[in-house]
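Fold and geometry: a report
The lines below spell out each chain.
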Amino acid sequence: MSERPLAGLRVIELARILAGPWAGQTLADLGAEVIKVEAPEGDDTRRWGPPFIDRDGTQVAAYFHSANRGKRSVVADFRTPEGQAKVRELVTGADILIENFKVGGLAKYGLDYAGLSAVNPGLIYCSITGFGQDGPYAHRAGYDYIIQGMSGLMSITGPVEGEPHRVGIAVTDLVTGIYATTAILAALHERKTTGRGAHVDMSLLDSAVSVMANQAMNYLSTGTPPGRTGNVHPNLAPYQVFECADGHVIVATGNDAQYHRLCRLLGRADLIDHPAYRSNADRVANRPALSEALSAATRQRSKAELLAACEAEGVPAGPINDMAEVFADAQVQARGMQLDLGPHRGVRSPFVLDGARCASDRPAPVLGEGDDEVAPDASPRPAAAPRT
């Protein structure tokens, strides 16, 4: 398979900040041509620093570079007839459009789905909003931090005592961007049969609730909302952070055999057949006492010693790395996760297809640098098939 499997697809990105640009960057890494249409002042995140990266004498925030690799930037002021015409011209030959304006925000410019699907019936038009195109909150702006709270994510994140914690990245934005690419590619596949485009409606809240996964099911199956458990797993034990003589490591036993091996390597074989810890359900029910018994043993080991012992005995365990340690890790280096983009470094998308690592080698664009190089694509897109 080619390392550019989406080559030939044209994407128009009318999106700012993170969720929409993340979807656009993902498509760019897979080979699509992504044209980022920016207001004259540019995407807000160009100024979300420090830190800043110097590109051709222009200081642009590292945040912007994290989500806009592989794109071209053109400038269009939607408030003017000329800007609106420029977008319509670009859309005429496009396959996909991504936008994250408030519901109805583009309608006054004729750039909503109804307006642009009339120009290009085969267009896959993806709207990313905080709450979706309908429902009582549809009119609200969406912010990742607020969605983390509303979705239940913060109710299960952080120490048992004290205030709830957010995840350290804008995870609901990122998840929505990833889900959006999946939905876009599904709509493209269907277009091969129908010839018609589609309006993809992606919501940060929908996406965040969707990825609550086992914690959502824990509630739906019991009627009891799960709470914060700090660094322990709500359904497994021992599956947590353990203290060592020089720091902390993660040990994640997922079955009885792994638990037995952990007990033996820690010199606590007596805990294997202890009636309070025989099954996983027993261990979860008696977690505090078990955790303290095992921690007393792990505190006698260094991190390196404990991790080596776990590796040798087939017990899942790992370090807690900072970002410098992440990019120094042999496996991260072997997989080529750090990109050299010329003026700066970047992080590769995780796609490996038939051994080819898919990632654009174009750095994030200078504002408007594509104005002179992006030409309208007049090649025909699928025509709408008759509806039955």
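These numbers were taken from a predicted model, which means no experiment stands behind them.

To continue, consider the overall build of the chain. Along the backbone of the chain there are 14 helices and 15 strands. The buried share among the 388 residues of the chain stands at 44%. When contacts within the chain are restricted to residue pairs at least 6 apart in sequence, long-range pairs at least 24 apart make up 67% of them. Surface accessibility of the chain: about 18,900 Å² in total, with carbon and sulfur atoms responsible for 55%.

Right, let's get into the pairing of strand E6 (residues 96-99). Residues Ile96 and Ile98 of E6 are buried on one face, and the alternating residues Leu97 and Glu99, pointing to the opposite face, are buried as well. Pairing geometry for strand E1 (residues 10-14) and E6, over 4 bridges, is parallel. Note that in E6 the partner of leucine 14 across the bridge is glutamate 99. Pairing geometry for E6 and strand E7 (residues 124-129), over 4 bridges, is parallel. Counted as the bridge partner of leucine 97 is tyrosine 125 from E7. Handedness of the crossover joining E6 and E7 through helix H4 (residues 113-119): right-handed.

Here we come to the sheet that holds strand E11 (residues 317-319). Strands sit in the order E9-E10-E11 across an open sheet of 3 strands; the sheet is antiparallel. Of all strands in the sheet, those with a lone pairing partner are strand E9 (239-244) and E11, marking the two edges. Shown here is a sheet whose adjacent strand axes are inclined to one another by a mean of 30°, direction ignored. In the sheet, strand E10 (residues 247-252) pairs with E11 via 3 bridges, with the strands oriented antiparallel. When the sheet's bridge partners are listed, isoleucine 250 is paired in E11 with glycine 318.

We now examine the nonpolar core. Core analysis: the biggest nonpolar cluster contains 29 residues, and Leu27, Ile96, Ile98, Ile124, Cys126, Ile128 and Ile184 have the highest contact counts within it. When residues of this core are traced back to their parent elements, those giving at least two are helix H1 (19-29), E6, E7, helix H6 (171-194), strand E8 (198-203) and helix H7 (204-210). Sequence-distant contacts of isoleucine 128, defined by excluding residues within four places in its chain, comprise Ala19, Gly20, Ile98, Glu99, Asn100, Phe101, Thr176, Ala180, Met202 and Leu204. Counting residues in hydrophobic clusters, the runner-up holds 21 residues, among them Val251, Ile272, Ala309 and Cys310.

Quick look at unusual backbone geometry now. With an omega of 10°, the peptide bond running from glycine 49 to proline 50 counts as cis. Note that proline 50 resides in the loop between strand E2 (33-38) and strand E3 (52-55). Residue alanine 237 is joined to proline 238 through a cis peptide bond whose omega torsion reads -10°. Relative to the helices and strands, proline 238 is located in the loop between helix H8 (213-222) and E9. With a phi close to 65°, isoleucine 17 is a non-glycine residue in the positive phi region. Mapping isoleucine 17 onto the fold places it in the loop between E1 and H1. For aspartate 354, which is not glycine, the phi dihedral falls at a positive 50°. Its place among the elements puts aspartate 354 in the loop between strand E14 (352-353) and strand E15 (356-357).

Let us look at the pairing of E9. Bridge count between E9 and E10: 6 bridges; the pairing is antiparallel. In the sheet register, tyrosine 239 faces E10, and the bridge partner there is alanine 252. Linking E9 to E10, which pair antiparallel, is a turn of 2 residues.

As a further point, take H1. Most of H1 sits inside the fold, with 10 of its 11 residues counted as buried. Within the span of H1, buried status applies to Ala19, Gly20, Pro21, Ala23, Gly24, Gln25, Thr26, Leu27, Ala28 and Asp29. Glycine 31 sits one or two residues past H1 and shows a positive phi near 110°.

Note that arginine 348 resides in the loop between strand E13 (345-347) and E14. Lacking a salt bridge, the buried arginine 348 has aspartate 29 as its closest oppositely charged neighbour, with an N-O distance of 8.1 Å. Within the structure, the side chain of arginine 348 is placed 3.2 Å from the backbone oxygen of glycine 336, a separation counted as a polar contact. Not counting chain neighbours up to four residues away, the residues in contact with arginine 348 comprise Arg69, Arg335, Gly336, Met337, Leu339, Arg357, Cys358 and Ala359.

Turning our attention to a nonpolar patch on the surface. A surface patch of nonpolar side chains, amounting to about 410 Å² of accessible area, comprises Tyr137, Tyr143, Ile146 and Met150. Tracing the backbone through its elements, the reader meets isoleucine 146 in helix H5 (residues 144-150).

Our next topic: the side chain of serine 117. Here serine 117 lies in helix H4. Of the polar contacts made by the side chain of serine 117, one reaches the backbone oxygen of alanine 114; its length is 3.4 Å.

Rules used throughout
- Residues numbered from 1 in each chain as written.
- Predicted model: local features only at pLDDT ≥ 70, side-chain atom pairs only at ≥ 80, totals over all residues.
- Heavy atoms only, no water.
- Helix = DSSP H or I, 4+ residues; strand = E, 2+ residues; numbered from the N terminus.
- Buried < 20%, exposed > 50% of the residue type's maximum accessible area, 1.4 Å probe, protein only.
- Contact = heavy atoms within 4.5 Å.
- Areas by Shrake-Rupley, 256 points an atom, 1.4 Å probe, with all protein chains shown as cover.
- Pairing = 2+ DSSP bridges.
- Right-handed = clockwise from strand over helix to strand, strands pointing away.
- Axes fitted to C-alpha atoms, helices over the stretch in contact; angles between N-to-C directions.
- Core = buried A, V, L, I, M, F, W, Y, C linked by side-chain atoms within 4.5 Å.
- Lys, Arg positive; Asp, Glu negative; His and termini not counted.
- Salt bridge = Lys/Arg side-chain N within 4 Å of Asp/Glu carboxyl O.
- Polar contact = N/O pair within 3.5 Å; in protein donor to acceptor, adjacent residues only side chain to side chain.
- Patch = residues over 30% accessible without salt bridge, like charges linked within 9 Å, V, L, I, M, F, W, Y side chains within 5 Å.

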